[in-house]
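Chains, contacts and geometry: an overview
Listed below, chain by chain, are the residues.
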Amino acid sequence: MHEVSRRKVLIAGSAIGAAGALGGVAPAVARPAWTWAAKSSLAGSGRGIDPQWVWDEEVDALMAAVIDRGDVPLVNEHLRTWSRNDQPVPSGLPSDVRAWMERARQLPAWADQAKLRAAARFNESRGILLNLCNGPGGGMLSTAIPREARAVYYSKGGADMEDRVAKTSILGFSVGDLNAYEPDGDCIVQAVKTRMVHASVRHLLPQSPHWAGTSGGQKIPISIADVLVTWHSLPTWTMQKLLEWRVRLTTEESEGYLHSWQVTAHMLGVPDEYIPASWEAANAQSTQLFDPVLGPTPEGVILTDILLGQLAEQTSPFSVSRPLVDALARFLVGDKIADWDGIDREPVWEAAIRTVWPAFIALREGAIKLPLVPRLAWTIDEIARAYLMFYLTKGKGTVISIPDRNRTFPSA
């Protein structure tokens, strides 16, 4: 298991002038006034309330009650047996949990099966690129989202990042499955479980003095704005990268991919008035909601080091070094975010990746034949494959479960 270096801890502290110490009070994020028009949403209208002040009230109250009455082991026992979209909600669950899950598992009336099938075909043809963006790329973005980095670090899952990343990957890979929202798929199941975890963390984290001391004034974590920020770090950012790399996309593929993530946002409890109706609307919302909140944190630097260390370890059969993994991560997210995340600079590898990237894209798009592909293009492909296969394997070996406490730290 990868261990965090002392040097990374010091880099983490210096990134925000904290002299390497975790737990300093973080300044509140300067968020612009909420001006995104609800007419750009799937609902076509809305209340105009800033999603920073909106949470998932019904399930929040439910999971607080589950935790307070000691039902977490019982709920987890039965959730473990629930794995397919067409499977009944386990009868052994408490009645209030079962009733809420029956409502929460229903797809929205606007879900379009033809578009979801188009998304499946797109995921099949561009799976490596999508998982490269949503995996290493999305991982590096998530650690540069201060609220998300701190929520992860101080929650129970932060103590075992390999398991935590595997659990996070379960939902992401479910969205990309060919049968994601089909009866034999599991995206509905994983979204409902994730929604329950979010509600549990909202109840637990405010009780953590470690989190409270770094929350920047936020009293309740994982607002709907925070869920949307994470959402934009996945489909919105990924689509921007695909267009930047000149990946060929049909209208059917583009719309299908967006629709699969629109459905997922709904299943995660995001009200329809906040779900972008188009890529144009998504980009506009991302500019207001996602871009301004990115920044450095000590926790983010440490989590990044763990994630990249895991990736380098898991790709070792392909002789992929940590410097190459760092260079690829820096290439994906850019220098500003990489510096915030404390990712080392690797000038030689960075230059090589920039040079070979067009060949890598051409390889994935089928524009060039194998004998002409530079070896580094294959190496990048193997990194993506190794990441995909490792976390898919981990995902099959672990399940999303409800936390019953926060992360604990040794006494000073």
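Residues numbered from 1 in each chain as written. Predicted model: local features only at pLDDT ≥ 70, side-chain atom pairs only at ≥ 80, totals over all residues. Heavy atoms only, no water.

Points about the confidence of the model for the protein
So the rule is basically this: A score between 0 and 100, pLDDT records how confident the predictor is in each residue. By definition in these notes, contact holds between two residues if any of their heavy atoms fall within 4.5 Å.
Chain-level pLDDT for the protein is 84 on average; 81% of the residues reach the 70-or-more range. A low-confidence stretch, residues 13-28 stays under pLDDT 50, and its non-local contacts, those more than four residues away or across chains, total 32 contacts.

Remarks on empty space enclosed by the protein
Over the atoms a probe the size of a water molecule is rolled, and this reveals where empty space is left. So the rule is basically this: A pocket here means an open set of points on a 1 Å grid, computed over the protein atoms alone, that has protein on both sides within 12 Å along at least five of seven lines. A cavity is instead a set of points where a 1.4 Å probe fits but cannot get out; residues with an atom within 4 Å of a point line either one. Grid points are joined across faces, edges and corners, and a volume is the space filled by probe spheres set on the points. Residues are sorted three ways: Asp, Glu, Lys and Arg are charged, Ala, Val, Leu, Ile, Met, Phe, Trp, Tyr, Cys and Pro are nonpolar, and all the rest, Gly among them, are polar.
Under the definition given, this model contains two cavities of 30 Å³ or more. What the largest cavity holds in volume is close to 50 Å³. If you go around the largest cavity, the residues you meet are Arg31, Pro32, Trp34, Asp50, Gln288 and Leu289. When grouped by side-chain class, the residues that make up the lining of the largest cavity number three nonpolar, one polar and two charged.

So, the pattern of salt bridges
Formally: By salt bridge we mean one thing: a side-chain nitrogen of Lys or Arg within 4 Å of a carboxyl oxygen of Asp or Glu. By the criteria applied, helices consist of DSSP H or I runs no shorter than four residues and strands consist of E runs no shorter than two, each listed in order from the N terminus. Type-normalised accessible area, obtained with a 1.4 Å probe on protein chains alone, sets the label of each residue: buried when under 20%, exposed when over 50%, and partly exposed for intermediate values.
Scanning the entire structure with this criterion turns up 21 salt bridges. Salt-bridge contacts for Glu273 lead to Arg47; the nearest nitrogen and oxygen are separated by 3.2 Å. Of this pair, Glu273 sits in the loop between helix H12 (251-267) and helix H13 (279-289) while Arg47 sits in the loop between helix H1 (6-15) and helix H2 (57-68), and the two are 226 residues apart along the sequence. Residue Glu273 is classed as buried on the basis of its relative accessible area, which comes to 12%. Taking the shortest distance from any N to any O, the salt bridge between Asp56 and Arg195 comes out at 2.6 Å. One end of the pair, Asp56, is in the loop between H1 and H2; the other, Arg195, is in helix H9 (residues 187-204), with 139 residues separating them in the sequence. Residue Asp56 is classed as buried on the basis of its relative accessible area, which comes to 7%. By sharing partners, the salt bridges in this structure join Arg330, Asp335, Asp339, Arg345 and Glu350 into a single network.

Quick word on the side chain of Arg150
Here is the rule: A 3.5 Å cut-off defines polar contacts: any pair of N or O atoms within that distance qualifies, except that in protein one atom must be a possible hydrogen donor and the other a possible acceptor, and neighbouring residues in sequence count only when both atoms are side-chain atoms.
Checked against the element boundaries, Arg150 lands in helix H7 (residues 146-154). For Arg150, the side chain forms a polar contact with the main-chain oxygen of Thr214, separated by 3.4 Å.

Some thoughts on the nonpolar core
In globular proteins that are soluble, nonpolar side chains generally tend to be buried together. Stated formally: Here, nonpolar core means buried Ala, Val, Leu, Ile, Met, Phe, Trp, Tyr and Cys residues that are tied together by side-chain atoms lying within 4.5 Å of each other.
The biggest cluster of nonpolar side chains holds 105 residues, and the ones touching the most others in it are Met101, Met196, Trp245 and Trp357. Those residues in contact with Met101 that lie beyond four places of it in its chain are Leu79, Trp82, Val89, Leu93, Val192 and Met196.

A word on H7
Counting buried positions along H7 gives eight out of nine residues, so the element sits mostly inside the fold. Those residues of H7 lying buried are Pro146, Arg147, Ala149, Arg150, Ala151, Val152, Tyr153 and Tyr154.

Here's the deal with the packing of helix H6 (residues 127-142) against helix H17 (residues 347-365)
Condition: Axis definition: a line fitted to C-alpha atoms, limited for helices to the stretch in contact. Angles are taken between N-to-C directions and run from 0 to 180 degrees. Our angle categories are set so that under 35 degrees counts as roughly parallel, over 145 as roughly antiparallel, 65 to 115 as roughly perpendicular, and the remainder as oblique.
Direction vectors running N to C along H6 and H17 enclose 135°, while the axes themselves pass 9 Å from each other. Regarding the angle of H6 to H17, the classification is oblique. Along the contact surface, H6 presents Ile128, Leu129 and Leu132, while H17 presents Trp357, Phe360, Ile361, Arg364 and Glu365. Split into classes, the residues belonging to the contact of H6 with H17 amount to six nonpolar, no polar and two charged.

Comments concerning unusual backbone geometry
The phi angle at Ile222 is positive, at roughly 55°, despite the residue not being glycine. Tracing the backbone through its elements, the reader meets Ile222 in the loop between helix H10 (209-212) and helix H11 (224-244). The exposure class assigned to Ile222 is buried, which follows from its relative accessible area of 14%.

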